[in-house]
Each structure stands twice: as C-alpha cells, then as structure tokens.
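Okay, here's what each chain looks like letter by letter:
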Amino acid sequence: MRPQVSVLAVPSYDEGEVMEAVETHLRLNRFSELLRPGATVLLKPNLLMKRAPETATTTHPAFVAAVVRALRALGAGEITVADSPGGPYTAAALEGVYAASGMAAAEAAGARLNRGTGFRPVPSAGKAVSEFSLIDPVAGADLVINLPKLKTHGMTGMSGAVKNLFGCIPGLQKPELHFQFPEPERFSAMLVDLALTVRPSLTIVDGIDAMEGNGPSGGEVRRLGLTFASRDPFALDLIAAAALGMAPGEVTTLAESIRRGLCPASPGGVDLLGGGFRTVPNWKRAEGKALDFADHAPAALRPALRKLMPLLAPRPAIRTRDCVGCGKCAESCPAKVIRITGGKAVIRRRGCIRCFCCHEMCPVRAVDIRRSPLLHGTRR
C-alpha cells in the first residue's frame, strides 16, 4: 500500500483555523481507527529550549492545544505532553521550557504536562543501535503522536518527523549519542532506528510558521501556512522536504530512510491528501549542512578532495561580543571541546565533531556557523 500524507494550508494560528486543520488531518489519516476508548496518548512536540512561540523554535502552543481538544472529542484517555529539551533533564528545566513556550495552553485544553524525569531502556527496532533510553511518558503510552516544528537543521538538513523524536532521549544522553555517531550519515541511521523504535501512531507537523536559515534555533521565522500529517513519518519527511524544495539527498535522515526501503525515492510514490501541497520558493538552507562535492569531481581528484573536506567543512565559531558565558554550549558539547574562559566560551577546533549542538543550544544566538571562503556561492 502506498503511503499517504495529508497537507493542509493554515494561514495563521487562529484557534478556529488550527482546530479545523487538526480535525481534518485526523480524519484524512483515519486516526479514529487507532484510538480505542480511554487509550493513553503521548504528545511529543518540539520543546528544544526556553523560547517564545513567536521565534518558531518550538511547536506552537495553539497547535498543541488544538490536538489535545481534538483527541478529547474522540474519546482519548489521559493525554500527556512530554519532551526532553536540550541540556539536563530536570524538573526545573522542564518548567522553564513549558513557561517560555506557552504550553500552559495545552494544559488548559486538558492535557497533563510531564514533570517527571524518569526513563527506561527499550530494545531498538533498528540496526545501528541495540537499545535506547526513552523518557517514561513515551515508553509507557498506548499511542505516541509526534508534533514537530518544521525547521532547517545544521547537521541533518531538516528537522521534521524523524529528527523530532530525538527528544525522546533523556537529557545529556543526547550529546552522548552525538559523540557515538559523529558523522551525519551515522547519526541519521541512529535517528531512523529511533523512529522505528518509538513508532509514532501519527505525526502532525507545525509548518504554519517555520524556521529557515541556520536552524534549529538560530534561523529566521518564515510564515509558510502549511501543516502536514501522516501515519508514516518517513513519507511525511519526504513530502515536507519536497515542499521546501529540498532534494532527498539534502536531508540525511531522509536519505537513510530511502536507502533502507522505508520510504519511496521520490514524492511521486506518496499519495497526497488534503489539497494543500505547494513548493516554497527560495527556502534558505542551514549553513552547517556539509557539501560533498568530491563525487562530482574527476575521479583522479577525488582522493585529494576528500582529504581536504575536513578543512573545508562548516564549523561553529563563538561571536565573543555577544557571548554571555552561560556555559550552555559547553554543557551540550558531546566532544567536550568548549570551555568558559574569562566569561566567554572558547571552542578548541581539534576534536570538534561539528554536530552544532553549541549553535543549537545557545540562548543568545552567539554561535555562528562559518564556512570556508572557498565554498561561498556553492549552495543553491
């Protein structure tokens, strides 16, 4: 059976417009077939860090609240909102993120905000990892609904259905996985394993306001007015990437999904529902996404070019005048190559794995992504 993805245009976060779209996505994807009366449901939004909804860093609270109301109308049992933001997985950190991101709206709609910090081992359903630690609300739910925010990502190209599930891993175990899988391709293989293990029953993507440029936290807000939903997270990412004008090879999680046969190789292999699909013009990619141009060079030059690639690859750089010395970058660095000296962060280039966790977690956006001057002008 061909995978199906619904795409609906939603011009704003008006409560009525978002509610209508969510109800339509649930109907088009036949979600009621999966929901037995009283089933516990876990909503997994993107709650990366303490940011206001207007920054498009986190899933919008109006979007999450609409899903809560729609599920209650369908007869769901307890509905929990949970994520493991960047940094330590503590009750204080969760409260700060909930407050900044407006998740009180989901609580007012009838959901419970997770305040526990437990996690448990779960056998992997993939092949790159044998076991994952998953936060308790995810591991214990009858159904998981994935609610990503559509964004660029410096390491994987795009943050969508598959990448959003990384927040099911508790706290600082996420940097550990970055260090264990430092290359984008291996990291993406781990993420695909994670998606197969969590097995979200449905994914609904908030692309009303998206983030382009240097996402997932340092980019610019762009009003797309699009929402996507599917039971198949891999096919959904294929269609979301196509809407952004991104080829499958530009999104490393998507390339891995296709390689494993989990996803069609092109959008033509997916049935589109809802009539809202369109291609966004001039979508700004993340500068951190490395370009591998060696394959396009003459065969005799490829070995030399591949040796040069580490020198030409994008790298994080501290913008010292804006650094406040909070230490979030050092805390999030899997390779432990960042230290705070004289009230400012310093990155030791030797040993940096270019995961861009520092860029992702900087609360004041003081970490730039620098590309070699030789690569300027090579991006589409």
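Residues numbered from 1 in each chain as written. Predicted model: local features only at pLDDT ≥ 70, side-chain atom pairs only at ≥ 80, totals over all residues. Heavy atoms only, no water.

1. Here's the deal with the pairing of strand β8 (residues 149–153)
Here comes step 1: Counting buried residues along β8, 5 of its 5 residues qualify, which places the element largely inside the surrounding structure.
Here comes step 2: Burial of the side chains of β8 extends over both faces: Lys149, Lys151 and His153 are buried on one face and Leu150 and Thr152 on the other.
Here comes step 3: Pairing between β8 and strand β10 (residues 202–212): 2 bridges, direction parallel. By the bridge assignment for β10, Lys151 is matched with Met211.
Here comes step 4: Here 3 bridges tie β8 to strand β9 (residues 157–159), and the two strands are oriented antiparallel to one another. (Buried < 20%, exposed > 50% of the residue type's maximum accessible area, 1.4 Å probe, protein only. Helix = DSSP H or I, 4+ residues; strand = E, 2+ residues; numbered from the N terminus. Pairing = 2+ DSSP bridges.)

2. A few points about the nonpolar core
Here comes step 1: One finds Leu43, Leu71, Leu134, Leu150, Met190, Phe228 and Ile338 to be the most contacted residues of the largest nonpolar core, which totals 111 residues.
Here comes step 2: Sort the elements by how many residues they give to this core and helix α2 (residues 61–73) lands first, with 9 residues.
Here comes step 3: Setting aside its immediate chain neighbours within four residues, Ile338 contacts Cys329, Ala330, Cys333, Ala345, Val346, Ile347 and Cys358. (Core = buried A, V, L, I, M, F, W, Y, C linked by side-chain atoms within 4.5 Å. Contact = heavy atoms within 4.5 Å.)

3. Observations concerning the packing of aromatic side chains
Here comes step 1: Evaluated as defined, the whole model comprises 1 aromatic pair.
Here comes step 2: Between Phe166 and Phe187, the aromatic rings sit 5.3 Å apart at their centres with planes inclined by 85 degrees, giving edge-to-face as the arrangement. One end of the pair, Phe166, is in the loop between α6 (161–164) and α7 (173–180); the other, Phe187, is in helix α8 (residues 184–198), with 21 residues separating them in the sequence.
Here comes step 3: Assessed through its relative accessible area of 5%, Phe166 is described here as buried. (Phe/Tyr/Trp six-rings, centres within 6.5 Å; stacked < 30°, edge-to-face > 60°.)

4. Quick word on a negative patch on the surface
Here comes step 1: On the surface, Asp14, Glu15, Glu17, Glu20 and Glu23 cluster together into a negatively charged patch.
Here comes step 2: Glu15 gets classed as exposed once you look at its relative accessible area, which sits at 55%. (Patch = residues over 30% accessible without salt bridge, like charges linked within 9 Å, V, L, I, M, F, W, Y side chains within 5 Å. Areas by Shrake-Rupley, 256 points an atom, 1.4 Å probe, with all protein chains shown as cover. Salt bridge = Lys/Arg side-chain N within 4 Å of Asp/Glu carboxyl O. Lys, Arg positive; Asp, Glu negative; His and termini not counted. Charge placed at Lys NZ, Arg CZ, Asp CG, Glu CD.)

5. Considering empty space enclosed by the protein
Here comes step 1: The final tally for this structure, using the stated rule, is 3 cavities of 30 Å³ or more.
Here comes step 2: Here the largest cavity defines a volume of roughly 290 Å³.
Here comes step 3: Lining the largest cavity are 26 residues; nearest its centre among them are Leu48, Lys163, Phe166, Lys174 and Glu360.
Here comes step 4: Those elements giving two or more residues to the lining of the largest cavity turn out to be β8, α6, α7 and α13 (357–361).
Here comes step 5: The residue makeup of the lining of the largest cavity, split by class, is 9 nonpolar, 11 polar and 6 charged. (1 Å grid on protein atoms, 1.4 Å probe; cavity = no way out; pocket = protein on both sides within 12 Å on 5 of 7 lines; lining within 4 Å. Points joined across faces, edges and corners; volume = space filled by probe spheres on them. Nonpolar A, V, L, I, M, F, W, Y, C, P; charged D, E, K, R; others polar.)

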